[in-house]
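So the chains spell out like this:
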Amino acid sequence: MKTKVSDAPLPENSQARDPLFPVLLLAIGAVTAWLLLTPWVPAVAQATMKRFHLRSRSFAAWALQAPIPAMYNFANQYEVRELPEDLIVSFLEPESNRRYINHFPLRVLTFADGRYRHLRPGKDRWVTVWTRYRGQQIKTVIHAKPVGGGGFEWIVQEAD
Amino acid sequence: MDGETAVSNPSESDDREHSVDDAATSRRKVVMAYRMVQIAVVAGLVWKGSFFRIADQVDGEIPLADPFFPDWARSASVVRWAYLVAVLTTLVGALIANRWGRLRTLAVAAAVASLSILCVHQATYNDATFTTSWWTQLWSFWFCTRMERDRPDRLLRRGAFAARAIGSMILIGGAVGKWTSEYWSGEVFYDIYFRERQYWTFNWVRGHFGPETLREIATWYSRGVVVTETVVGLGMWLMPPRAAATVGVVLFTSIALFSNHLLFSVMWCLIGLSAVGFLVPATPSSKP
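Nothing here was measured: the structure is a model prediction, and the numbers come from that model. Sequence order sets the numbering: in each chain, residues are counted from 1 along the sequence as written. Chains carry letters and ligands carry numbers; both start at the beginning, A for chains and 1 for ligands, and go up in the order they are written. Per-residue local features of the predicted model are confined to residues with pLDDT of at least 70, and side-chain atom pairs are confined, for both listing and counting, to 80 or more; whole-chain, interface and lining totals are unaffected and use all residues. Excluded from the side-chain calculations are hydrogens and water; all other atoms, namely the structure's heavy atoms, are used.

**Student:** Would you mind going over the overall build of chain A in detail, with residue names and values included?
**Tutor:** The number of helices and strands found in chain A is 6 helices and 5 strands. Per the convention used, a helix needs a DSSP run of H or I reaching at least four residues, while a strand needs a run of E reaching at least two, with both numbered from the N terminus. In sequence order, chain A lays out its α and β elements as α-α-α-β-α-β-α-α-β-β-β. Three labels apply to residues, based on accessible area from a 1.4 Å probe with only protein chains included: buried if under 20% of the type maximum, exposed if over 50%, partly exposed otherwise in between. For chain A, the residues scored as buried account for 51% of the 160 residues in total. Residue contacts are counted whenever heavy atoms from the two residues lie within 4.5 Å of one another. In chain A, 53% of the contacts between residues at least 6 apart in sequence involve partners at least 24 apart. In this description, accessible areas are obtained by the Shrake-Rupley approach with a 1.4 Å probe, and a residue is regarded as covered only by the protein chains that are shown. With an accessible surface of roughly 8,000 Å², chain A has 58% of that area assigned to carbon and sulfur atoms.

Here's what the structure looks like:
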């Protein structure tokens, strides 16, 4: 029977090599450095804004940022409309229902609660999201178009 | 001479016995630290279990064909299995914390892999539960590879240091993103929490104060969050282990307790990770 960890004898060499420890600290340090650069380097903030809008250069570039904590980051707003944004809408839906959301504003469509609330009726939806951070802003408009069988096509209508 | 030997021998024997007892206690603390962190991760992952069960159904019934995500990162079955594997392997890791080192390492590696999927899947990428759990399980992977190799006191000191470095990083992440006029003015928290969020703190405030005062409270609440995250984030990793553990446990608990009970899914693992600092043996030096 294998010895339990708690009963095992002490290792004689207490300075045994531990290559993973510096790797772990390096990863924490690298992410912290990236975070601390965010307010001072516009490109870093821009990368995070595009990350929030699912508009990074590629999925791989976006996924690489996944370990960077982003809880309640930046001023994110969203608006869900039943009609596309144009002149007619300004007459039919004059009241803006623009609201703040904590992070990753497109979660209003991708996360289960928003997906159910907005897409369950099976009709077209136009979602506009804005993210602002220290003078920078980006806006994305998504058209969720029903394609049958309960599914939707995700069409990026505007990205600036 | 004989008399001196007779006096000194029992003393040496006592020291040896004392150090053997300390070593056994430290060994138990190493296992306890690992098990405690795994249980905290499981608690966080299952905290919103009923939500994830319904989400599984919604993801299957309302697929979203966004070409940004590869097929596997949109698949409802991938996210379902990734979640189940993360929970089960972490649970297995907690159960076998004291033995079967290779299986334990394999279990935590599987947990890290499945949490990696959850961090980038279309249905779950926005949920910070998986980000904090991912960092905690990365820590666990390193920790469990050292459990039979390092001296327990050294491992616990290093473990606590890495744990508070992770806590600091998470808090700095929260702080930096809030260094904006919209958070400093309280505008964001007012809209998200104070206007209509059904939670005991906000219900109480709405029930006791008028709209103008409510807006002012939101401003000072928001500023309090920004300052606390900034100060503790920048300072926690420098604190002694037990002080950092106390600050971490109290702060991460209070974030969820006072703003949104669903945030416990994000916080349990950080609370468990912070608590590792309580297990560091008291020594003059607390360097990692």
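**Student:** With reference to specific residues and values, describe the overall build of chain B.
**Tutor:** When helices and strands are tallied, chain B shows 12 helices and 1 strand. In sequence order, chain B lays out its α and β elements as α-α-β-α-α-α-α-α-α-α-α-α-α. Summarising its shape, the C-alpha atoms of chain B cover approximately 85 × 45 × 30 Å along the three principal directions. Looking at chain B as a whole, 53% of its 288 residues qualify as buried. Partitioning the contacts of chain B with sequence separation of at least 6, the portion at a separation of at least 24 is 75%. In the form shown here, chain B has an accessible surface area of approximately 12,500 Å², with 65% of it arising from carbon and sulfur atoms. Measuring between centres, the 27 positive side-chain charges of chain B sit 3 Å from its 24 negative side-chain charges. The charged-residue count follows a simple rule in which Lys and Arg add positive charge and Asp and Glu add negative charge, with His and chain termini not counted at all. Think of each charge as sitting on NZ of Lys, CZ of Arg, CG of Asp or CD of Glu.

**Student:** Can you break down the UniProt feature "transmembrane region" (unreviewed entry) in chain B residue by residue, with the values?
**Tutor:** All names here are of chain B. UniProt positions are given in the numbering used here, feature names are shortened, and annotations may be inferred rather than shown by experiment. According to UniProt, the feature "transmembrane region" (unreviewed entry) maps to residues 36-55, 78-97, 155-176 and 250-280 in the numbering used here. Structurally, residues 78-97 is divided into 90% helix and 0% strand, and its ends, taken at the C-alpha atoms, are 28 Å apart. In the segment residues 155-176, helix accounts for 100% and strand for 0%; the C-alpha atoms at its two ends are 31 Å apart.

**Student:** Would you mind going over the interface of chain B and chain A in detail, with residue names and values included?
**Tutor:** Counting from both sides, the interface comprises 79 residues of chain B and, opposite them, 68 residues of chain A. What counts as buried area is the accessible surface, traced by a 1.4 Å probe, that two parts surrender upon association, with contributions from both included. Approximately 6,600 Å² of surface area, both sides summed, lies buried where chain B meets chain A, with 67% of it carried by carbon and sulfur atoms. Summed over the three residues of chain B that lose the most area to chain A, namely Leu64, Phe68 and Tyr125 of chain B, the buried surface amounts to 11% of that side. Basic side-chain nitrogens of Lys or Arg form a salt bridge, by our definition, when they fall within 4 Å of a carboxyl oxygen of Asp or Glu. There are 7 salt bridges connecting chain B and chain A. Between Asp191 of chain B and Arg99 of chain A there is a salt bridge, with its nearest N and O atoms 2.8 Å apart.

**Student:** Summarise empty space enclosed by the protein; cite the residues concerned and give the values.
**Tutor:** It is the rolling of a water-molecule-sized probe over the atoms that shows where space remains empty. Cavities and pockets were defined on a 1 Å grid built from protein atoms only: a cavity is a group of points that admits a 1.4 Å probe but offers it no way out, a pocket is an open group of points flanked by protein on both sides within 12 Å along at least five of seven lines, and a lining residue is one with an atom within 4 Å of any such point. Grid points are joined across faces, edges and corners, and a volume is the space filled by probe spheres set on the points. Per the counting criterion, the structure on display carries 4 cavities of 30 Å³ or more. Space inside the largest cavity adds up to approximately 120 Å³. Every element with two or more residues in the lining of the largest cavity is listed here: α3 (59-63) of chain A together with α4 (101-120) and α5 (128-146) of chain B. Residue composition of the lining of the largest cavity, grouped by class: 11 nonpolar, 4 polar and 2 charged. Here the second largest cavity defines a volume of roughly 60 Å³. Along the walls of the second largest cavity sit Trp34, Leu35, Thr38, Thr48, Arg51, Ile68, Pro69, Ala70, Asn73 and Phe74 of chain A together with Val176 and Gly177 of chain B, which together make up its complete lining. Polarity classes work like this: nonpolar for Ala, Val, Leu, Ile, Met, Phe, Trp, Tyr, Cys and Pro, charged for Asp, Glu, Lys and Arg, and polar for all others, with Gly in that last group.

**Student:** Lay out the nonpolar core with the relevant residues and their values.
**Tutor:** In this structure, Leu109 of chain A together with Trp139 and Phe143 of chain B are the most contacted members of the largest nonpolar core, which totals 117 residues. Per-element accounting of this core gives the leading share, 13 residues, to helix α6 (residues 152-176) of chain B. If we ignore the near neighbours within four places in the chain, the residues touching Trp139 of chain B are Leu24 of chain A together with Val37, Gly159, Ala162, Ala163, Ile166, Leu273 and Val276 of chain B. Side-chain atoms within 4.5 Å are what join buried Ala, Val, Leu, Ile, Met, Phe, Trp, Tyr and Cys residues into a set we call a nonpolar core.

**Student:** An account of the pairing of strand β1 (residues 75-81) of chain A is requested, with residue identities and associated values reported.
**Tutor:** Residue and element names in this part refer to chain A. Where burial is concerned, most of β1 is hidden: 7 out of the 7 residues are buried. Following DSSP output, two strands are said to pair if at least two bridges run between them. Across 7 bridges, the pairing between β1 and strand β3 (residues 125-133) is antiparallel. For Ala75, the partnering residue across the bridge sits in β3 and is Arg132. Pairing analysis gives 3 bridges linking β1 to strand β2 (residues 99-101), with the strands arranged antiparallel. Along β2, the bridge assignment pairs Gln77 with Tyr100.

**Student:** So what about the layout of surface pockets? Which residues, and what values?
**Tutor:** The calculated volume of the largest pocket comes to roughly 920 Å³. Contributing elements (two or more residues each) for the lining of the largest pocket: β1, β2, α5 (107-110) and α6 (112-119) of chain A together with α8 (187-194) of chain B. At 4 residues, the largest contribution of residues to the lining of the largest pocket is made by α6 of chain A. Residues belonging to the lining of the largest pocket are distributed by class as follows: 14 nonpolar, 6 polar and 9 charged.

**Student:** Describe helix α2 (residues 49-61) of chain B, naming the residues involved and giving the relevant values.
**Tutor:** Residues and elements named next belong to chain B. Between its terminal C-alpha atoms α2 stretches 19 Å, which fits the 18 Å expected from 13 residues at 1.5 Å a residue. Residues of α2 that are buried include every one of Phe52, Ala55, Val58 and Asp59, and no others. Buried residues of α2, viewed axially, fall in a sector of 115°; they line one side. Multiplying 1.5 Å by the residue count of a helix minus one yields the expected span of that helix. As used here, the arc belongs to the directions running from the helix axis to the C-beta atoms.

**Student:** Which residues make up the UniProt feature "transmembrane region" (unreviewed entry) in chain A, and what values go with them?
**Tutor:** As annotated in UniProt, the feature "transmembrane region" (unreviewed entry) corresponds to residues 20-45 of chain A in the numbering used here. Its end C-alpha atoms 30 Å apart, residues 20-45 of chain A is made of 85% helix and 0% strand.

**Student:** Can you tell me about the side chain of Gln38 of chain B, naming the residues and giving the values?
**Tutor:** Residue and element names in this part refer to chain B. With respect to the helices and strands, Gln38 occurs in helix α1 (residues 2-47). Gln38 sits in the buried class, given a relative accessible area of 1%. Excluding residues within four positions of it along the chain, Gln38 makes contact with Thr90, Gly93, Ala94, Val108, Gln137 and Ser140.

**Student:** Which residues make up the pattern of salt bridges, and what values do they have?
**Tutor:** Going through the model one piece at a time under the given rule, you end up with 19 salt bridges over all chains. A salt bridge links Asp18 of chain A to Arg158 of chain B, with the shortest nitrogen-to-oxygen separation between them at 3.0 Å. Remark: Arg158 of chain B occurs in helix α6 and Asp18 of chain A occurs in the segment before α1 (20-37); the pair is interchain, linking two chains. Both residues of the pair, Asp18 of chain A and Arg158 of chain B, belong to the buried class. The salt bridge partner of Asp150 of chain B is Arg146 of chain B, with a shortest N-O separation of 3.1 Å. The class for Asp150 of chain B is buried, based on a relative accessible area of 0%. On the accessibility criterion, Arg146 of chain B (2% relative accessible area) is buried. Linked through salt bridges whose partners overlap, the residues forming this network are Asp18 of chain A together with Arg146, Asp150, Arg154 and Arg158 of chain B.

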